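Observations on the three-dimensional arrangement
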Amino acid sequence: FFFLISFCYSSFSKLPHLRVIWHKNPDKEAIITWSGKKSSRNHTFQLSSKENGKIQSRTITTRHKKVFGTKHWFHYVKLENLRPLSKYSFSISINGVKSKSYYFVTAPPKGKNFKLLFGGDSRSDRKKRMEINQSIANYVEKNPSVLALVHGGDFISNGLSWKQWQAWLEDYQLTITKDNRVLPLIVTRGNHEIGSKLFNKIFFWPGNQLFGNFYVTKFSNLSLITLNTNISHAGIQKRWLKKTLQEESKTQKWLVANYHRPAFPAVKKPGRSRKHWVPLFEKYQLDLAFESDGHTLKKTVPIYQGKRNDKLGVTYIGEGGLGVPQRVPKQKNKWYFKPPGYAKSAYHFIALEVGSDKMEVKVISPKDHSVLDKFSLKPRKR
């Protein structure tokens, strides 16, 4: 009998596929979700935080939805009215057996520095992906001001395969720190997720968003604009982007974009973003653009109207190094990779530190956390 109780407890001490998801308001909203074999009403979610020096706890109703085409279910809670820059601890009891206690931290109010991690292309090489996820957890332990991981797409090779998604979700658990801090996800759709309804299910997009997935995540002094390079870059998405840049450029100090297919690639041909989005980036003075898809590491010179312009130009960085085998850049001699730009093969993730007077970018080697490149940006006069 004692063995049975111990076995049951260990079965639920770790929650399968646990993740925290951020969409638009990371200072006051979050979705927390985990997987199960079947729908069960016996999931009790307990949320705790410190308010005015006292621990406040509440039980939140757990919801359930089936993973289409599988025997699995997602169990989840939608959290609202959270407080900025606050630690929220949570645990889940399943059939009376309580999980470990986990926590995440909400985005801060204005005036507080914070960090975001960026990276894309975690498919194909599972061993390397697991190594990098563990490296991210170690980095977050040393840098507690990191709030979330912004993923640039191509999570797996076949976005229609639940088996591959299961593996990715299992591997993402390695980003959980030793003290059980969960790193929230802000995601974009890559070309290997094109047509994947599972993408929307896993990352909890409401309604039919198969041809959407573009949105803005608002931090205290930074607006992160996530775009979808799998659908028309013109039309609805372009109109939305123009309106969003118009509005955010009036109120926000920093504007950053994240999307999959590059406008200024190191490997492939330019995506349609160069024609449809780059002129808008330049008009409304985007500060930085994160790109993936190329399976290499790159940074461009500041680009404005097809030329280097250190005052008005936009820098494009990234190209995907979260586990996918790295390619040799085919366009490293392009004009936009001349110093301080570059293109090379290197696994990486990028740390963006956002402050009131500058934004610092560091390219981090997952191997030893050495800094492969760093630079800073000053606020623009828009």
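Residues numbered from 1 in each chain as written. Predicted model: local features only at pLDDT ≥ 70, side-chain atom pairs only at ≥ 80, totals over all residues. Heavy atoms only, no water.

**What to know about the pairing of strand E14 (residues 222-226)**
Burial of E14 is extensive: five of the five residues sit out of reach of the surface. The alternating pattern of E14 places Leu222, Leu224 and Thr226 on one face and Ser223 and Ile225 on the opposite face, and all of these are buried. The pairing of strand E13 (residues 215-218) with E14 spans four bridges and is classified as antiparallel. When the sheet's bridge partners are listed, Val216 is paired in E14 with Ile225. (Buried < 20%, exposed > 50% of the residue type's maximum accessible area, 1.4 Å probe, protein only. Helix = DSSP H or I, 4+ residues; strand = E, 2+ residues; numbered from the N terminus. Pairing = 2+ DSSP bridges.)

**Here we look at the packing of aromatic side chains**
Applying the stated rule across the entire model yields 27 aromatic pairs. Considering the side-chain rings of Phe118 and Phe290, the 3.7 Å spacing of their centres and the 5 degrees angle between planes classify their relative orientation as stacked. Pair noted here: Phe118 is in strand E10 (residues 114-119) and Phe290 is in strand E16 (residues 288-291), with a separation of 172 residues, a long-range link. Accessibility classification places Phe118 together with Phe290 in one group, the buried group. Between Tyr139 and Phe349, the ring centres sit 5.4 Å apart and the planes meet at 75 degrees, which makes this aromatic pair edge-to-face. (Phe/Tyr/Trp six-rings, centres within 6.5 Å; stacked < 30°, edge-to-face > 60°.)

**Points about the sheet that holds strand E17 (residues 297-299)**
If you walk across this open sheet you meet the seven strands as E13-E14-E15-E16-E20-E17-E21, and the pairing is mixed. Of all strands in the sheet, those with a lone pairing partner are E13 and strand E21 (342-344), marking the two edges. If you compare each strand with its neighbour and ignore which way they point, the axes differ by 20 degrees on average. Bridge count between E14 and strand E15 (residues 254-258): five bridges; the pairing is parallel. By the bridge assignment, Ser223 is partnered in E15 with Leu255. (Axes fitted to C-alpha atoms, helices over the stretch in contact; angles between N-to-C directions.)

**Focus on the pairing of strand E20 (residues 315-318)**
Alternating residues of E20 divide into Thr315 and Ile317 and Tyr316 and Gly318, and every residue in both groups is buried. Looking at chain direction, E16 and E20 are connected through four bridges and run parallel. Opposite Glu291, over in E20, you have Gly318 as the bridge partner. Strand direction decides the pairing type here: E17 and E20, joined by two bridges, are antiparallel. Residue pairing in the sheet places Lys299 in a bridge with Ile317 of E20.

**Description of the side chain of His23**
In this fold, His23 is placed in the loop between strand E1 (19-21) and strand E2 (30-36). Of the polar contacts made by the side chain of His23, one reaches the backbone oxygen of Phe203; its length is 3.0 Å. Sequence-distant contacts of His23, that is, excluding residues within four places in its chain, are made with Ile31, Phe203, Phe204, Trp205, Tyr215, Val216 and Thr217. (Polar contact = N/O pair within 3.5 Å; in protein donor to acceptor, adjacent residues only side chain to side chain. Contact = heavy atoms within 4.5 Å.)

**Regarding the side chain of Lys65**
Looking at the element boundaries, Lys65 is found in strand E5 (residues 63-66). Put simply, Lys65 is tucked away with no salt bridge, and the nearest opposite charge, on Glu80, sits 15 Å away. In contact with Lys65, other than residues within four places in its own chain, are Trp73, Phe74, Tyr76, Lys201 and Phe204. (Lys, Arg positive; Asp, Glu negative; His and termini not counted. Salt bridge = Lys/Arg side-chain N within 4 Å of Asp/Glu carboxyl O.)

**Considerations on the environment of Arg380**
Tracing the backbone through its elements, the reader meets Arg380 in the segment after strand E24 (371-377). Relative accessible area serves as the criterion here: at 17%, Arg380 is assigned to the buried category. Contacts of Arg380, omitting those with residues within four sequence positions, involve Gln285, Leu286, Asp287, Lys311, Leu312, Gly313 and Val314. A polar side-chain atom of Arg380 sits 2.9 Å from a polar atom in the side chain of Gln285.

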